[in-house]
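Given next are the chains, with one letter for each unit.
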Amino acid sequence: MRPILATISHAALNHNLAIAKKHAPNSKVMAVVKANGYGHGLLNVAQGLSDAEGFAVLGLNEAIDLREWGFEQTILLLEGVFNTGELNIAASYKVDIVVHCEQQLIMLETEQLAQSVAVHLKMNTGMNRLGFVPGEFKGACGRLQACRNVRSITLMTHFAAADEAIGITMPLHTFQKTTQDLTQAKSLANSATILRHPEAHADWVRPGIMLYGASPVKGTAASTWNLKPAMQFTSEIISVQTIQAGENVGYGHLFTASKTTRVGIVACGYADGYPRHAGQYATGDHQYGTPVAVCGRMTHTIGRVSMDMLFVDLTDIPEANIGSPVELWGDQVPVDTVAEACDTVGYELLCAVAARVPFKVISEANNGES
Ligand SMILES: *Cc1c(COP(=O)(O)O)cnc(C)c1O
């Protein structure tokens, strides 16, 4: 087996969930575990987040998996159902559904479901992605109330700029004004809203990225909120080359040594989910590599990331050799710092960890392998 590994910590997930609850003490938590638990493995994260009152996913298959693994919490389909077949199955598994458009409303009005469903009615408050515009929202809510297939209604929206300076003032105002005479429960807040906009916590909060210990806000470290990385993405040095000034490294000769350089080759490439466009240029004294830890010490990538391997500078880590531990991201190298060097966000890197990477779960109970 190649030495690459993604280690998932139930303790970190549970700790981050407690932080969400501390910030929003009067709200129930719908842990967002879409995209295979943001790349951490759906079952792995559901176990670590089992204190959450609900789970939100996209696919009906994920919702059914959670039910079949024994999770009895609320489970919500964030895009709702795509046809009446799915609607019937969702109802039979007691899976809640978002209703964001007229077509989904009509399905509910025309089907004869064996069990009624709980609906989260979505308002478009300016994201312009999913949801009823404010002028149509109360009408949609009235139709759901009249619908015998509908057991309960939660009023929901999603903010486009909770993580930005512009914030949520306008869309929150729109939501509050539109729903002021409606008595149903409300659900508005993603991670950035939980951490930055307590006025929008409402009855349910929907944290995603913060539960995995990454930052929802560009330029603000996850540690600012005492969040802990749920994933340690690690590998090892599998080869060492010492090159002289003027020699190159990797495809396209992207790195040229300006002095004698000790180069470590790490068993991790873009086919493992490490971004190929990671900062890769290094000339003279200017190093633009992506941060990496080797033997617990910080260094950076050099040259171009290839499919199965990448290069790191070991010149200042003489103790590093074949078999030395490498942290690609985790406790020492926040995934957000890697993301920043690649002009993306931690979300994308976590979700992109490839299926070929083996996972290990450290569960809180036995504090060992499971
Ligand atoms: C993904 C998602 C969330 C979670 O967002 P984070 O920024 O990861 O906290 C919440 N609500 C909806 C509707 C989402 O699609």
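In case you missed it, the structure is sitting above this.
Conventions adopted
- Residues numbered from 1 in each chain as written.
- Predicted model: local features only at pLDDT ≥ 70, side-chain atom pairs only at ≥ 80, totals over all residues.
- Heavy atoms only, no water.
- Helix = DSSP H or I, 4+ residues; strand = E, 2+ residues; numbered from the N terminus.
- Buried < 20%, exposed > 50% of the residue type's maximum accessible area, 1.4 Å probe, protein only.
- Contact = heavy atoms within 4.5 Å.
- Disulfide = S-S within 2.5 Å.
- Near = heavy atom within 4 Å.
- Polar contact = N/O pair within 3.5 Å; in protein donor to acceptor, adjacent residues only side chain to side chain.
- Areas by Shrake-Rupley, 256 points an atom, 1.4 Å probe, with all protein chains shown as cover.
- 1 Å grid on protein atoms, 1.4 Å probe; cavity = no way out; pocket = protein on both sides within 12 Å on 5 of 7 lines; lining within 4 Å.
- Sits in = over half its atoms within 2 Å of the grid points.
- Nonpolar A, V, L, I, M, F, W, Y, C, P; charged D, E, K, R; others polar.
- Points joined across faces, edges and corners; volume = space filled by probe spheres on them.
- Domains from an automatic or database assignment.
- Expected span 1.5 Å × (residues − 1).
- Arc of directions from axis to C-beta.
- Axes fitted to C-alpha atoms, helices over the stretch in contact; angles between N-to-C directions.
- Parallel < 35°, antiparallel > 145°, perpendicular 65-115°, else oblique.
- Left-handed = near helix turned anticlockwise from the far one by under 90°.
- Core = buried A, V, L, I, M, F, W, Y, C linked by side-chain atoms within 4.5 Å.
- Lys, Arg positive; Asp, Glu negative; His and termini not counted.
- Salt bridge = Lys/Arg side-chain N within 4 Å of Asp/Glu carboxyl O.
- Pairing = 2+ DSSP bridges.

Can you help me understand the environment of V217 in this one?
Mapping V217 onto the fold places it in the loop between β9 (204-205) and β10 (231-243). Take V217: its relative accessible area is 9%, and that puts it in the buried class. Once you skip the residues sitting within four places of it in the chain, V217 turns out to touch D163, A192, R196 and W225.

Explain the state of the cysteines to me, please; I cannot follow it from the model alone.
Counted according to the given criterion, the structure contains zero disulfides. For C351, which is in no disulfide, the shortest distance to another cysteine sulfur is to C342 and amounts to 15 Å.

Just checking my understanding: could you explain the site of the ligand for this structure?
Near the ligand lie 14 residues; those nearest to it are K34, Y38, S191, I209 and Y347. One of the side-chain N or O atoms of Y38 is found 2.5 Å from an oxygen atom in the ligand. When the ligand is considered free in solution it has 390 Å² of accessible area, and contact with the protein chains removes 92% of it. Taken atom by atom, the bulk of the ligand overlaps the largest pocket. Residues belonging to the shell around the ligand are distributed by class as follows: seven nonpolar, four polar and three charged.

For this particular structure, what's the right way to read empty space enclosed by the protein?
The rolling of a water-molecule-sized probe over the atoms marks out the regions of remaining empty space. Counting across every chain of the model gives two cavities of 30 Å³ or more. Looking at the largest cavity, the residues that line it are H40, Y212, G213, A214, P229, A230, M231, W329, G330, V335 and L350. Both of domain 1 (10-215) and domain 2 (231-362) provide at least three residues apiece to the lining of the largest cavity. Taken as a whole, the second largest cavity holds about 40 Å³ of empty space. If you go around the second largest cavity, the residues you meet are K122, M123, M127, R129, L130, T157 and H158.

Explain helix α7 (residues 134-145) to me, please; I cannot follow it from the model alone.
Since the α-helix turns once every 3.6 residues, residues separated by three or four places project in the same direction. Its twelve residues give α7 an end-to-end C-alpha distance of 17 Å, which sits within 8% of 16 Å, the value for a rise of 1.5 Å per residue. Restricting attention to buried positions, one finds in α7 the residues F137, A140, C141 and L144. Looking down the long axis of α7, one finds its buried residues gathered within 105° of arc, a one-sided arrangement. Here the buried face of α7 lies against α6 (102-110), β6 (117-123), β7 (150-157) and α8 (169-178).

Any chance you could explain the packing of α6 against α7 here in plain terms?
Axis angle and axis distance: for two packed helices, these are the angle between their axes and the distance between the axes, and together they describe the pair. The contact between α6 and α7 brings their axes to 10 Å, and the two run at 15°. Looking at the two axes, α6 sits roughly parallel to α7. The handedness of the crossing between α6 and α7 is left-handed. On α7, the residues that touch E102, L105, I106, L108 and E109 of α6 are A140, R143 and L144.

What's the story with the nonpolar core in this structure? I'm lost.
Taken as a class, soluble globular proteins show a tendency for nonpolar side chains to be buried jointly. Counting residues in each nonpolar core, the largest one holds 111 residues, and the members touching the most others are V33, L49, I97, L108, F233, Y274 and W329. When residues of this core are assigned to domains, at least three map to each of domain 1 (10-215) and domain 2 (231-362). When sequence neighbours within four positions are dropped, the list of residues in contact with Y274 reads C268, G269, T290, P291, V292, T301, V305, L310, L328, W329 and V338. The next biggest cluster of nonpolar side chains, apart from the first, holds eight residues, and it includes I243, A257, V263 and I265.

Looking at this model, I keep getting lost on the layout of surface pockets. Mind explaining?
The volume enclosed by the largest pocket comes to roughly 610 Å³. Taken together, 27 residues form the lining of the largest pocket, with K34, Y38, R129, H158 and N190 sitting closest to its centre. At the level of elements, α2 (34-38), α9 (191-196) and α11 (346-351) are the ones that each hand at least two residues to the lining of the largest pocket. Per element, the largest residue contribution to the lining of the largest pocket is three residues, and it comes from α2. Looking at the lining of the largest pocket, its residues break down into 17 nonpolar, four polar and six charged. By volume, the second largest pocket is sized at about 420 Å³. Among the secondary structure elements, those contributing two or more residues to the lining of the second largest pocket are α10 (335-341) and α11. The leading source of residues in the lining of the second largest pocket is α10, at five residues. Class assignment of the residues belonging to the lining of the second largest pocket gives a composition of twelve nonpolar, nine polar and six charged. In this structure, the lining of the second largest pocket is formed jointly by two domains, domain 1 (10-215) and domain 2 (231-362), each of which donates at least three residues.

Hey, could you run me through the side chain of D336 in this one?
Within the fold, D336 resides in helix α10. For the buried residue D336, which engages in no salt bridge, the nearest side chain bearing the opposite charge is K218, 10 Å off. Beyond its immediate chain neighbours, meaning those up to four positions away, D336 contacts A214, S215, A222 and G346.

How should I be thinking about the pattern of salt bridges in this particular structure?
Once their charged atoms are close, side chains differing in charge can pair, the charge on each being opposite to the other. Counted by the stated rule, this structure contains eight salt bridges. Between R2 and D272 there is a salt bridge; the shortest N-O distance is 3.0 Å. With a gap of 270 residues between them, R2 in the segment before β1 (5-9) and D272 in the loop between β13 (261-266) and β14 (282-283) connect regions that are remote in the sequence. We classify R2 as partly exposed; its relative accessible area is 33%. Residues joined by salt bridges that share partners form a network here, namely R2, D272, D308 and R356.

Quick question: what am I supposed to make of the sheet that holds strand β5 (residues 96-99) here?
Each strand in a sheet pairs with another by means of backbone hydrogen bonds, the pair being arranged parallel or else antiparallel. Spatially, eight strands are ordered β2-β3-β4-β5-β6-β7-β8-β9 in a closed barrel, and the strand pairing comes out parallel. Across three bridges, the pairing between β5 and β6 is parallel. Within β6, the position partnered with V99 by the bridge is L121. In this fold α6 packs onto β5, β6 and β7, with an angle of close to 130° to the strand it touches most, β5.

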